[in-house]
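Residues per chain, in single letters:
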Amino acid sequence: MTSDPVRLGVVGLGRAFMLMIPTFDADPRVKLVAAAAPRQESRTAFEQEYGGKGYESIEALCADPDVEAVYIATPHQMHVDHVLAAAKAGKHILVEKPLAISMEDADRMVRAAREAGVHLIVGPSHSFDLPVDLAARLIESGEFGALRMIQALNYTDFLYRPRRPEELRTEEGGGVMFSQAIHQIDVVRRLAGGMAEKVVAFTGNWDPKRPTEGAFTALMSFAGGCVANLTYSGYAHFDSDIWMNDVGELGQAKDPASYGKARRALMDLDPEEEARLKSTRTFGSGAAPIEAAHNEHFGPVIALCDRADLRLTPDGIEVFGDTERRFIEAPFGPAPRKTVVEALVRAVREDVPPVQTGEWGLASLEVCHAILRSAETGQPVALQHQCNAHQ
Ligand SMILES: NC(=O)c1ccc[n+]([C@@H]2O[C@H](COP(=O)([O-])OP(=O)(O)OC[C@H]3O[C@@H](n4cnc5c(N)ncnc54)[C@H](O)[C@@H]3O)[C@@H](O)[C@H]2O)c1
């Protein structure tokens, strides 16, 4: 085993990559050696910043023998082609959530990685957050007895952040389901061990100007008897970060004076202007990376066990036991998402897959589709493609 940094090629230098920059920059276990991006300005900015090579296509990037693994951070609908191209070239893969939009594509991706003998990791997702990982391990240890119930909530301004047009069309992966529910499902599956059995759900599609699902509430049952209630609204009035000590999703301190900012910024913009506004948040556009001082989170989560209730916070786990209350810290730093780099390095260097494999990502995607189907039919949906947290 070598301890050399994993040589990573980045595919897509947009918003998702921006969010990974502090993590990559702070972690000597990974080195950015190449990037593929359609825009010349992004490629030039990458070469100047990292001294790596800029390519126009993923195929050209994957032909670079210096690249050991790729981080695919392109829009959802491109994940399938990009994962297939990387697997064909024998590169290990970290692909952004969701793994894919359709289950058929997800299945092809998982099979392609397996046949090529490369690791396929789906992330970052909030199941990688340190407090989630810590809580999952505490639950698995059995210290608090059986896990009975999980409550996961999140109220955000997701639907009013600047979007490309397809991000507002459900059939193309738009709305909260494939971008946000997938996080909450990942978190809840991680805590409950992965094997979801059934889903009953209702969705909300309430703004005719942004005609896609902006909210949902779902009940999931798990093997072993745990039941989870997931509720999400991206319609932005109440902000549940108030219940997370005013820490935002990305671990940043939240400014209460910025109330209503997302909606205000979009007022009177047409779709082209909105997509342009989104591109001002990408790499090479001068946007500053987010400064985090806490772990990331995905809203309030409470897990009820026989002998304790666990409340996840950005800084650790508050344990409400039978006779005492205590706090178990999840130390932050030097940057968020170091668990994602850890997963990548262990997979590439030690051949040990993380929980969040392609199979795991496919199972979480199945729950997204089940929520949509249950909301449409009014019926519970049985799940067929689940896997446990330690396959
Ligand atoms: N985990 C997270 O916290 C998080 C946050 C944001 C986005 N994401 C995920 O990241 C993905 C991208 O979303 P985004 O918001 O960054 O979108 P974005 O539009 O900001 O970025 C996508 C980038 O891909 C580039 N691109 C397009 N076609 C390409 C190609 N053929 N080859 C290489 N690059 C190409 C675009 O130029 C753009 O820079 C989505 O799947 C989304 O779910 C995850």
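Cut-offs used in this document
The residue numbering used here restarts from 1 in each chain and proceeds along that chain's sequence as written. At least 70 in pLDDT is required for a residue's local features to be given in this predicted model, at least 80 for side-chain atom pairs to be given and counted, and no such filter applies to totals for whole chains, interfaces and linings, which use all residues. Side-chain calculation: all heavy atoms of the structure are included, whereas hydrogens and water are not. Consider each residue's heavy atoms; a residue with any of them within 4 Å of a molecule or strand counts as near. Distance and chemistry together define a polar contact, namely a pair of N or O atoms within 3.5 Å, with one atom able to donate a hydrogen and the other to accept it when in protein, and with adjacent residues in sequence counting only for side-chain atoms on both sides. Shrake-Rupley sampling with a 1.4 Å probe provides the accessible areas, and residues are treated as covered by the protein chains on show and by no other component. The way it works is that DSSP assigns letters per residue, a run of H or I at least four long becomes a helix, a run of E at least two long becomes a strand, and they are numbered from the N terminus. Gly counts as polar in this scheme, as do all residues outside two lists: the nonpolar Ala, Val, Leu, Ile, Met, Phe, Trp, Tyr, Cys and Pro, and the charged Asp, Glu, Lys and Arg. All the domain ranges listed were derived from an automatic or database domain assignment. Summary of the burial criterion: residues with accessible area below 20% of their type's maximum are buried, those above 50% are exposed, and those between are partly exposed, where the area comes from a 1.4 Å probe applied to protein chains only. Residue contacts follow a heavy-atom distance rule, with two residues in contact if any of their heavy atoms lie within 4.5 Å.

Caption draft 1: Examining the site of the ligand more closely. Not every one of the 24 residues close to the ligand is listed here, only the nearest: Ala16, His76, Lys97, Arg164 and Arg337. Histidine 79 places a polar side-chain atom, nitrogen or oxygen, 3.0 Å from an oxygen atom of the ligand. For the ligand, an oxygen atom lies 2.9 Å from a polar atom in the side chain of arginine 337. Starting from 840 Å² of accessible surface for the ligand in isolation, the protein chains cover 85%. Elements that contribute at least two residues to the shell around the ligand include exactly helix H1 (15–26) and helix H4 (79–88). Counting residues per element, the shell around the ligand draws most heavily on H1, which supplies 3 residues. Class assignment of the residues belonging to the shell around the ligand gives a composition of 11 nonpolar, 7 polar and 6 charged. Here the shell around the ligand gathers at least three residues from each of two domains, domain 1 (6–125 + 336–357) and domain 2 (127–334 + 366–382).

Caption draft 2: Structural detail: the environment of valine 348. When you line up the elements, valine 348 lands in helix H10 (residues 338–350). Relative accessible area serves as the criterion here: at 15%, valine 348 is assigned to the buried category. With 44 residues separating them along the chain, valine 348 and leucine 304 place their C-alpha atoms 36 Å apart. Beyond its immediate sequence surroundings of up to four residues, valine 348 is in contact with Val6, Glu68, Ala69 and His92.

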